[in-house]
Amino acid sequence: MKIAATESRIAQIDADAIVVGVDDKGNLSKEALEVDQAMGGTIAVLVGRKEITGKLGELTVLHAPAGIRAGQVLVVGLGSRDNFGCGEAFRAAATAARRLAEKKRKRVAFCLGDGWSERCVEAGICGAMSGCHGQDLYRREKNCHPFDEIQWNDGYEAVLKAGQILGETVNLTRQLVNEPPSRIYPESFAAEAEKFAEEFGLGIEVWDQPRLEKERCGALLGVARGSARPARLVILSHRGGSADDPVLALVGKGVTFDSGGLSIKPSDGMQTMKCDMAGAATVFGAMQAIARLELPVNVIGLAGLVENMISGDAYKLGDVLVARNGKTIEVLNTDAEGRLVLADVLDVAVERGAAKIIDLATLTGACMVALGIDVAGLMTNNQDWCDAVLDAAEACGESVWQLPMFPEYGEQIRSKVADIKNIGEGRWGGAITAAKFLEEFVAGKPWVHIDIAGPAFLENPKPWMDAGGSGALVRTLVEIARNWQNADA
Ligand code: BES
Ligand code: MN
Ligand code: ZN
């Protein structure tokens, strides 16, 4: 998809549609005013009649407008000026794009960025690009038609380029999540990473089954045992800083399908479990963006890729696994597999010299019970590091909320047979007992765990996004990497 600047005279823009904005006080953006003047004041009349209120994401289509070369004008509500940030920029542009993508259109001009910050322009372009891509990968008759070209009215070339990179990498994450598990399994998923690592100059290591055994990744391999598909561990590296600069580690759960194993999930709960690799897909998207933006920082991205299946050789309840860091784990539920996979990957991140760690995982249904489906849960062993992550998410307009890590929760995962067990006592506080488990593998390094079980995958569409993979937190991870050079790690 091409991203270009618009022609300066709005009435002359040669596009299938022009998107303009109105805030919730009925103020037209500079470009909306220009369009409205050319059209003879229709938008102002509609605002006067309260037909257009400017509520965030409100859409009003004006077909075949007089005085304008473009085929239609789409007026999108921008909401309140005071609360306007990257999240609103993303949503406004994405909502407009999603509506327009219902039909085939070659060129859409977005004239929204009236004094928007550079970050808002980037988020807006990213929103426009994700709004016109959907989950209909294998439908012959598409629901969603990506535009050939997006034009943006405001912003330097570097900002347009950065917006395009964010859009492409958010869409990469979404697509990887939306692909069926018959196409994305550990080996093919690692191959996708190899492809883009080569293209964008990222270092990459892929550990196959023999290497994983040699590296004593007993927890990850325990999960993988029930599957006919061998496991992989991927290590991507971006060396944008100097050799002695601190390393930021991003770690993702990549369970390419979660049947639950012998603690099998009911069919309803299993239906969407192709999404259980979203953490890894998010890390891959962010790593690609970090490389393409040429950020002057050192970042490694690690992903543990397995399928959680059932066979005569599947791991069992009562099994004791020895994790890479030597800790022994009693398995009491094979559906609590994500933490087992992450246990070994976190240990590799520590060994590779991570100064600070963030992991992302569709880890627990309990996190969705606690926070709902739209908000990711944050858990940490280091409040300063968590604050940095909270700030980045806020700046990007992505919803996250911190959950407590009182020591008492840790008592619940003590085992009588092994060092720890892979579930808590009963289901209460399940998101936190899972995080307490992970904490056992970060060797005291500053670490933030992000449970994305809710927001990573939309069961129902939003006005601004199709159902399926959402790409949630890719932009936040990039923001964290952008701040990393100033961080005193
Ligand atoms: N992948 C699931 C968590 C999940 C649930 C993600 C719904 C997305 C949507 C995870 O592996 C899992 O099964 N967790 C169990 C843990 C329990 C057995 C302690 C859960 O949440 O029920
Ligand atoms: Mn599971
Ligand atoms: Zn899982």
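Predicted model, so just to flag it, every value in this text is computed and none were measured.

## Some words on the sheet that holds strand E10 (residues 298–308)
By way of backbone hydrogen bonds, the strands of a sheet pair with one another, either parallel or antiparallel.
Part 1: Taken in spatial order, the eight strands line up as E7-E8-E10-E9-E13-E17-E14-E15 in an open sheet, and their pairing is mixed. Edge positions in the sheet fall to strand E7 (203–207) and strand E15 (400–402), since each of these pairs with one other strand and no more. Adjacent strand axes in the sheet meet at a mean angle of 20°, parallel and antiparallel pairs treated alike.
Part 2: One ladder, built from five bridges, connects strand E13 (residues 354–361) with strand E17 (residues 447–451); its direction is parallel. In the sheet register, Asp359 faces E17, and the bridge partner there is His449.

## Here we look at the packing of aromatic side chains
Part 1: Evaluation of the coordinates by the stated rule reveals eight aromatic pairs.
Part 2: Plain terms: the ring middles of Phe110 and Trp152 are 5.5 Å apart, the flat faces sit at 15° to each other, and that makes the pair stacked. Of this pair, Phe110 sits in strand E5 (residues 107–111) while Trp152 sits in strand E6 (residues 149–152), and the two are 42 residues apart along the sequence.
Part 3: Geometrically, the ring pair formed by Trp385 and Trp484 is edge-to-face, given 5.8 Å between the ring centres and 65° between the ring planes.

## Thoughts on the coordination of the zinc ion (ligand 3)
Part 1: Within the protein, the atoms that donate to the zinc ion (ligand 3) are Lys253 (NZ), Asp258 (OD), Asp276 (OD) and Glu337 (OE), at distances of 2.0 to 2.4 Å.
Part 2: Classification of the site at the zinc ion (ligand 3) rests on its six donor atoms, whose angles at the metal span 78 to 176°, yielding the label octahedral.
Part 3: Linear spacing of the donor residues for the zinc ion (ligand 3) on their chain is K-x4-D-x17-D-x60-E.

## Regarding the domain arrangement of the protein
Part 1: By the assigned domains, the protein splits into domain 1 (2–155) and domain 2 (176–484).
Part 2: Computed from C-alpha atoms alone, the centre-to-centre distance between domain 1 and domain 2 is 36 Å.
Part 3: If you look at the interface, domain 1 gives 19 residues, while domain 2 gives 18 residues.
Part 4: When the buried area of domain 1 at its contact with domain 2 is split by residue, Arg98, Gln135 and Tyr138 rank highest and sum to 37% of it.
Part 5: Here domain 1 is connected to domain 2 by two salt bridges.
Part 6: A salt bridge links Glu479 to Arg119; the shortest N-O distance between them is 2.9 Å.
Part 7: There are seven residue pairs in polar contact (both at pLDDT 80 or more) connecting domain 1 and domain 2.
Part 8: With seven residues, the top contributor of residues to the side of domain 1 that touches domain 2 is helix H3 (residues 86–100).
Part 9: Classifying every residue of the side of domain 1 that touches domain 2 by side-chain character gives seven nonpolar, seven polar and five charged.

## Description of the coordination of the manganese ion (ligand 2)
Part 1: The coordination sphere of the manganese ion (ligand 2) contains the protein donors Asp258 (OD), Asp335 (O), Asp335 (OD) and Glu337 (OE), at a distance range of 2.0 to 2.2 Å.
Part 2: Of note is the manganese ion (ligand 2), whose six donor atoms meet at the metal with angles of 71 to 169° in an arrangement that counts as irregular.
Part 3: Between consecutive donors of the manganese ion (ligand 2), the numbers of intervening residues give the motif D-x76-D-x1-E.
Part 4: A separation of 3.1 Å is found between the manganese ion (ligand 2) and the zinc ion (ligand 3), which share Asp258 as a coordinating residue. Of the two residues, Asp258 is situated in strand E9 (residues 247–258) and Glu337 in the loop between strand E12 (328–330) and helix H11 (338–351); the sequence distance between them amounts to 79 residues.
Part 5: Since its relative accessible area comes to 3%, Asp258 is described here as buried.

Rules and cut-offs
- Residues numbered from 1 in each chain as written.
- Chains lettered and ligands numbered in written order.
- Predicted model: local features only at pLDDT ≥ 70, side-chain atom pairs only at ≥ 80, totals over all residues.
- Heavy atoms only, no water.
- Pairing = 2+ DSSP bridges.
- Helix = DSSP H or I, 4+ residues; strand = E, 2+ residues; numbered from the N terminus.
- Axes fitted to C-alpha atoms, helices over the stretch in contact; angles between N-to-C directions.
- Phe/Tyr/Trp six-rings, centres within 6.5 Å; stacked < 30°, edge-to-face > 60°.
- Donors = N, O, S within 2.8 Å, 3.2 Å for Na, K, Ca; no water.
- Tetrahedral: all angles 85-135°; square planar, octahedral: opposite > 155°, others 65-115°.
- Domains from an automatic or database assignment.
- Contact = heavy atoms within 4.5 Å.
- Buried area = accessible area lost by both parts, 1.4 Å probe.
- Salt bridge = Lys/Arg side-chain N within 4 Å of Asp/Glu carboxyl O.
- Polar contact = N/O pair within 3.5 Å; in protein donor to acceptor, adjacent residues only side chain to side chain.
- Nonpolar A, V, L, I, M, F, W, Y, C, P; charged D, E, K, R; others polar.
- Buried < 20%, exposed > 50% of the residue type's maximum accessible area, 1.4 Å probe, protein only.

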